[in-house]
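Letter by letter, the chains look like this.
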Amino acid sequence: EPEVTQTPSHQVTQMGQEVILRCVPISNHLYFYWYRQILGQKVEFLVSFYNNEISEKSEIFDDQFSVERPDGSNFTLKIRSTKLEDSAMYFCASKEQGPSGELFFGEGSRLTVL
Amino acid sequence: KQEVTQIPAALSVPEGENLVLNCSFTDSAIYNLQWFRQDPGKGLTSLLLIQSSQREQTSGRLNASLDKSSGRSTLYIAASQPGDSATYLCAVGTSGSRLTFGEGTQLTVNP
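Side note on the interface of chain A and chain B
Much of the literature gives interface size as the accessible area that the parts lose upon coming together.
Item 1. Tallying the contact residues gives 21 residues for chain A and 23 residues for chain B.
Item 2. A combined buried area of about 1,800 Å² lies between chain A and chain B, and 50% of that area is made up of carbon and sulfur atoms.
Item 3. Close ionic contact of Glu-56 of chain A with Arg-98 of chain B constitutes a salt bridge, the shortest N to O distance being 2.8 Å.
Item 4. Linking chain A to chain B there are eight residue pairs in polar contact (both at pLDDT 80 or more).
Item 5. Elements represented by at least two residues in the side of chain A that touches chain B include exactly β4 (31-37), β5 (43-50), β6 (53-57) and β9 (88-95) of chain A.
Item 6. When its residues are assigned to classes, the side of chain A that touches chain B shows nine nonpolar, six polar and six charged.

The following block contains the structure:
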């Protein structure tokens, strides 16, 4: 069964360092997302991406964050200068259709900022 | 701003029991509602998707209902098993296609 894959599964970094989280969405999907979950808290929307551009972003997704689809298969989230409060599980998700489609999530990348 | 609430926060039941998890949302202008399962330290597994025009969806022992006008959804699990132990998340799809999540119900099914 097709699935969303994410790498790395866990990354430890020093505060101020740049981090890139990678995702391979399901191959025929057109809509891509990043969500995050701080330990013990709700899953929160970060950004949605369609047709090679950001379609929506939350207030969390500030100038420190960026997303890119560098080729036909990968979708990346970059955090330019990590802060302690960026420590969280980051989930990539994708779907085939627009607003009404079913969203499929990857296993997540755990980011620990020291 | 959409707010999603799930009750109860935690639930412990004996194996074989039928149970109901509740989800409520504040803004009824939704596209859809999706129920997920999350095992500890893992990703989110989609269980059921209900479109805003639908009243319920079924998959195996799971049945989800949606009452959009009252801002409520329920997830019914029949004949619960220890393998059903997980956190169940309700998420509402709103404008722009983002999902807004509740805090989840942590379910423990005891053998």
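What follows continues from the structure just given.
A word on the packing of aromatic side chains
Item 1. Taken as a whole and assessed by the stated rule, the structure comprises 13 aromatic pairs over all chains.
Item 2. For the ring pair Phe-49 of chain A and Phe-75 of chain A, a centre distance of 5.3 Å and an interplane angle of 45° mean the geometry is tilted. Here Phe-49 of chain A is found in strand β5, whereas its partner Phe-75 of chain A is found in strand β8 (residues 75-79), with 26 residues between them in sequence.
Item 3. Through a chain of ring-to-ring contacts, the aromatic side chains of Tyr-33, Tyr-35, Phe-45, Phe-91 and Phe-105 of chain A together with Phe-36 and Phe-101 of chain B assemble into a single cluster.

Examining the side chain of Ser-58 of chain A
Item 1. For Ser-58 of chain A, the location among the structural elements is in the loop between β6 and β7 (65-68).
Item 2. Not counting chain neighbours up to four residues away, the residues in contact with Ser-58 of chain A comprise Phe-45 and Leu-46 of chain A together with Arg-98 of chain B.

Considering the sheet that holds strand β1 (residues 5-7) of chain A
Residue and element names in this part refer to chain A.
Item 1. The strand order across the open sheet formed by four strands is β1-β3-β8-β7, and the pairing between neighbours is antiparallel. Of all strands in the sheet, those bounded by a partner on one side alone are β1 and β7. In this sheet, adjacent strand axes meet at a mean angle of 20° when their direction is disregarded.
Item 2. Of the pairings in the sheet, the one linking β1 to strand β3 (residues 19-24) comprises three bridges and is antiparallel in character. Bridge pairing in β3 links Thr-7 to Arg-22.

Considering the state of the cysteines
Item 1. In this structure the tally under the stated criterion is two disulfides over all chains.
Item 2. A sulfur-sulfur separation of 1.9 Å characterises the disulfide bridge that pairs Cys-23 of chain A with Cys-92 of chain A. Residues Cys-23 of chain A and Cys-92 of chain A are joined by a disulfide whose S-S torsion is about -65°; by sign, that bridge is left-handed. You can see Cys-23 of chain A sitting in strand β3 and its partner Cys-92 of chain A sitting in strand β9, a full 69 residues away along the chain.
Item 3. The class for Cys-23 of chain A is buried, based on a relative accessible area of 1%.
Item 4. The partner cysteine of Cys-23 of chain B in its disulfide is Cys-90 of chain B, sulfur to sulfur 2.0 Å. Between Cys-23 of chain B and Cys-90 of chain B, the disulfide has an S-S torsion of -60° and is therefore left-handed. In this pair, Cys-23 of chain B is assigned in strand β3 (residues 19-25) and Cys-90 of chain B in strand β9 (residues 86-93), connecting sequence segments 67 residues apart. With respect to class, Cys-23 of chain B is no different from Cys-90 of chain B; both count as buried.

Topic: the sheet that holds strand β1 (residues 4-7) of chain B
All names here are of chain B.
Item 1. Spatial ordering of the open sheet is given by β1-β3-β8-β7-β6, a layout of five strands whose pairing is antiparallel. Looking at which strands have only one partner, the edges of the open sheet turn out to be β1 and β6 (56-59). Each strand axis lies, on average, 15° off the axis of its neighbour in the sheet, ignoring direction.
Item 2. Relative to strand β8 (residues 72-77), strand β7 (residues 62-67) is paired through six bridges, and the arrangement is antiparallel. Residue pairing for β8: Asp-67 is matched across the bridge by Arg-72.

Definitions and cut-offs
- Residues numbered from 1 in each chain as written.
- Chains lettered and ligands numbered in written order.
- Predicted model: local features only at pLDDT ≥ 70, side-chain atom pairs only at ≥ 80, totals over all residues.
- Heavy atoms only, no water.
- Contact = heavy atoms within 4.5 Å.
- Buried area = accessible area lost by both parts, 1.4 Å probe.
- Salt bridge = Lys/Arg side-chain N within 4 Å of Asp/Glu carboxyl O.
- Polar contact = N/O pair within 3.5 Å; in protein donor to acceptor, adjacent residues only side chain to side chain.
- Helix = DSSP H or I, 4+ residues; strand = E, 2+ residues; numbered from the N terminus.
- Nonpolar A, V, L, I, M, F, W, Y, C, P; charged D, E, K, R; others polar.
- Phe/Tyr/Trp six-rings, centres within 6.5 Å; stacked < 30°, edge-to-face > 60°.
- Pairing = 2+ DSSP bridges.
- Axes fitted to C-alpha atoms, helices over the stretch in contact; angles between N-to-C directions.
- Disulfide = S-S within 2.5 Å.
- Buried < 20%, exposed > 50% of the residue type's maximum accessible area, 1.4 Å probe, protein only.

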